[in-house]
Amino acid sequence: MSLVEAKVGSVYQVTQMLVEQKILRRLEALGILEGTRIEILNRKRNGATIIKVRGARWALGSDIASGINLEDYTA
């Protein structure tokens, strides 16, 4: 499932990132890589998804979030 389909309050693991190279490098600099654990905190009316990654909170627009694929996180 993509990040835009993820349930608020759940924890997932990034499995695949299908975004352009420039955005991919920026996400990696923010700590969002394949295998990273992501918690979905909120979803705004404008389509932005608020996530928590390694203790930091980030807002991602729906265009970027739709290119990030997730699976349920199992510790």
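How each quantity is defined
- Residues numbered from 1 in each chain as written.
- Predicted model: local features only at pLDDT ≥ 70, side-chain atom pairs only at ≥ 80, totals over all residues.
- Heavy atoms only, no water.
- Buried < 20%, exposed > 50% of the residue type's maximum accessible area, 1.4 Å probe, protein only.
- Helix = DSSP H or I, 4+ residues; strand = E, 2+ residues; numbered from the N terminus.
- Pairing = 2+ DSSP bridges.
- Axes fitted to C-alpha atoms, helices over the stretch in contact; angles between N-to-C directions.
- Contact = heavy atoms within 4.5 Å.
- Core = buried A, V, L, I, M, F, W, Y, C linked by side-chain atoms within 4.5 Å.
- Phe/Tyr/Trp six-rings, centres within 6.5 Å; stacked < 30°, edge-to-face > 60°.
- Lys NZ or Arg CZ within 6 Å of the ring centre and 35° of its normal.

1. Points about the pairing of strand S3 (residues 49-53)
S3 sits mainly inside the fold: four of its five residues count as buried. The pairing of strand S2 (residues 37-43) with S3 spans four bridges and is antiparallel. Within S3, the position partnered with Arg-43 by the bridge is Thr-49. Inspection of the sheet shows S3 paired to strand S4 (residues 56-60) by five bridges, in the antiparallel sense. Bridge assignment links Val-53 to a residue of S4, and that residue is Ala-56. Where S3 hands over to S4, the hairpin turn is made up of two residues, of which Arg-54 adopts a positive phi near 50°.

2. Examining the sheet that holds S3
Across the sheet, which stays open at both edges, the five strands sit in the order S4-S3-S2-S1-S5 with antiparallel pairing between neighbours. Single-partner strands in this sheet number two, and they are S4 and strand S5 (68-72). Averaged over all pairs of adjacent strands, the angle between strand axes in this sheet comes to 45°, irrespective of strand direction.

3. A look at the side chain of Thr-49
Within the secondary structure layout, Thr-49 lies in strand S3. Contact partners of Thr-49, with chain neighbours within four places excluded, come to Leu-3, Ile-40, Asn-42, Arg-43, Trp-58, Ala-59, Leu-60 and Ala-65.

4. Some words on the nonpolar core
The nonpolar side chains of a soluble globular protein tend to be buried with one another. With 18 residues, the main nonpolar core has Leu-3, Leu-27, Ile-32, Ile-38, Ile-51, Ile-68 and Leu-70 as its most contacted residues. Residue assignment for this core shows that the elements contributing at least two residues are strand S1 (11-17), helix H1 (21-29), S2, S3, helix H2 (62-65) and S5. The greatest single-element share of this core, amounting to three residues, is contributed by S1. Apart from residues lying up to four places away in sequence, Leu-70 is in contact with Met-1, Ser-2, Leu-3, Ala-6, Tyr-12, Gln-13, Val-14, Thr-15 and Ile-38.

5. Some words on the packing of aromatic side chains
Here the distance between the centres and the angle between the planes together describe a pair of aromatic rings. Under the criterion given, the structure shown has zero aromatic pairs. The ring of Tyr-73 is capped by Arg-37, whose NZ or CZ atom sits 5.8 Å from the centre of that ring.

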